[in-house]
Amino acid sequence: MTDSYWTIETAAATDRGRRRAENEDAYFCDASIGIFMVADGMGGANAGEVASAMSVDKFVGFLEPFLGDEDATIPFELQENEDSRTTVLMQAALSANSAVYEKANEDPDHRGMGSTLTAAIVFHNDLYITHIGDSRCYRIRTDTIDQITADHSKVQEMVSQGLLTEEAARSHPQRNIITRCIGRKKKLKPDIFTIDFDLADTFLLCSDGLNDMVPDDVIHRIVTESLDLEIAATRLVNAANDRGGRDNITVVLLRFVPESTETIDTYGDQDQEN
Ligand code: CA
């Protein structure tokens, strides 16, 4: 990332919401290593909290050594038709999956626990998405908001098959049933892909406690009208709570900004302060 001409601004917020006793979401964001992630845990008696925290720890811990070093040795065989970065991301997701799966099976208190995993990773100047479950990634531009992950959920399958409209899916009684997640099965089928970005693009990772409560056009308006990402993150959480806050709410925002502009802004701020 040293030769990149952009830098990344980031902000995150998480909140229990208005109805749940605990916050079982977890997140990670560190622009210096280029990993951004949301994990939405599930399972009784706080097991969801364990599953989401473990997913973050294992995924990030596995990935970190590979991100700064283009020549890092890959300690496993590449799968057919896979590039080495996709393989690293797959192995990182698998390491999270095995850890949660084993913990769930050895400890009765944690039986059945699981977690979503939606991550944006800056891998040698390319942006990769790794995604399992129904947390989301959106790309937000001045005039558009695009959901770039597809929910691994029963209602999304019905929408894809033309059995349900997007609108009906939002209030469907089965909208919380997910079809893939970290920790429930030994096998894992994450979506891993690269996504184009331009300078000034903002990416939002969120748990369903945001997008179940707040329509996409309102999310878009909040992000584009907020003065900075910290304010946007707070306002997104508030918007979900204002609409009922039925679930835990987590948002992670990242924006690609030109390096030179940031330098000028910094000097400008200092001048004002003096
Ligand atoms: Ca949730």
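The rules behind each value
- Residues numbered from 1 in each chain as written.
- Predicted model: local features only at pLDDT ≥ 70, side-chain atom pairs only at ≥ 80, totals over all residues.
- Heavy atoms only, no water.
- Helix = DSSP H or I, 4+ residues; strand = E, 2+ residues; numbered from the N terminus.
- Buried < 20%, exposed > 50% of the residue type's maximum accessible area, 1.4 Å probe, protein only.
- Contact = heavy atoms within 4.5 Å.
- Areas by Shrake-Rupley, 256 points an atom, 1.4 Å probe, with all protein chains shown as cover.
- Pairing = 2+ DSSP bridges.
- Donors = N, O, S within 2.8 Å, 3.2 Å for Na, K, Ca; no water.
- Phe/Tyr/Trp six-rings, centres within 6.5 Å; stacked < 30°, edge-to-face > 60°.
- Expected span 1.5 Å × (residues − 1).
- Salt bridge = Lys/Arg side-chain N within 4 Å of Asp/Glu carboxyl O.

(A) Looking closely at the overall build of the protein chain. For the protein chain, the count of helices and strands is eight helices and 11 strands. Burial analysis of the protein chain (274 residues in total) assigns 49% to the buried set. Contacts in the protein chain between residues far apart in sequence, at least 24 positions, make up 71% of those at least 6 positions apart. In the structure as shown, the protein chain presents an accessible area of about 13500 Å², 44% of it carried by carbon and sulfur atoms.

(B) How the structure looks around the pairing of strand β11 (residues 249-258). A large share of β11 lies buried, amounting to nine of its 10 residues. Examined bridge by bridge, strand β1 (residues 6-15) and β11 share 10 bridges and lie antiparallel to one another. When the bridges of β11 are listed, Ala 11 appears paired with Leu 253. Relative to β11, strand β10 (residues 202-206) runs antiparallel, the two being bridged by five bridges. The residue of β11 that forms the bridge with Phe 203 is Leu 254.

(C) Fine view of the coordination of the calcium ion. On the protein side, the calcium ion has Asp 40 (OD), Asp 40 (OD), Asp 208 (OD) and Asp 247 (OD) as donor atoms, found 2.2 to 3.1 Å from it. The sequence motif formed by the donor residues of the calcium ion is D-x167-D-x38-D. With a gap of 207 residues between them, Asp 40 in strand β3 (residues 35-42) and Asp 247 in the loop between α7 (229-242) and β11 connect regions that are remote in the sequence. Taking the relative accessible area as the measure of exposure, Asp 247 reaches 14% and is therefore buried.

(D) Examining the packing of aromatic side chains more closely. Counting across every chain of the model gives six aromatic pairs. Considering the side-chain rings of Trp 6 and Phe 197, the 5.5 Å spacing of their centres and the 85° angle between planes classify their relative orientation as edge-to-face. Residue Trp 6 is found in strand β1, and its partner Phe 197 is found in the loop between β9 (191-194) and β10; the two are separated by 191 residues along the sequence. Through a chain of ring-to-ring contacts, three or more aromatic side chains come together here, namely Trp 6, Phe 197, Phe 203 and Phe 256.

(E) Main features of helix α1 (residues 47-67). Helix length check: α1 (21 residues) gives 30 Å between terminal C-alpha atoms against 30 Å at 1.5 Å per residue, within 8%. Along α1, the positions that sit buried rather than exposed are Ala 47, Gly 48, Ala 51, Ser 52, Met 54, Ser 55, Val 56, Phe 59, Val 60, Leu 63, Phe 66 and Leu 67. Buried-residue contacts for α1 involve β2 (25-30), β3, α2 (84-106), β4 (114-115), β5 (117-123) and β6 (126-132).

(F) Representation of the pattern of salt bridges. Counting across every chain of the model gives eight salt bridges. Of the charged contacts in the structure, one is a salt bridge between Asp 201 and Arg 141, with a shortest N-O distance of 2.9 Å. Of this pair, Asp 201 sits in the loop between β9 and β10 while Arg 141 sits in the loop between β7 (136-140) and β8 (145-147), and the two are 60 residues apart along the sequence. Connected through salt bridges with shared partners, the residues Arg 141, Asp 198 and Asp 201 form a single ionic network.

(G) Highlighting the environment of Thr 142. Looking at the element boundaries, Thr 142 is found in the loop between β7 and β8. Residue Thr 142 is classed as exposed on the basis of its relative accessible area, which comes to 64%. Residues Thr 142 and His 220 lie 78 residues apart in sequence; the distance between their C-alpha atoms is 8.5 Å. Sequence-distant contacts of Thr 142, that is, excluding residues within four places in its chain, are made with His 220 and Thr 224.

(H) Spatial organisation of the environment of Phe 28. With respect to the helices and strands, the residue Phe 28 is situated in strand β2. The exposure class of Phe 28 is partly exposed, given its relative accessible area of 21%. Phe 28 sits 25 residues away from Ala 53 along the chain, and the two C-alpha atoms are 9.6 Å apart. Not counting residues up to four positions away in its chain, the partners in contact with Phe 28 are Ile 33, Ile 35, Phe 36, Met 37, Val 56, Val 60 and Val 252.

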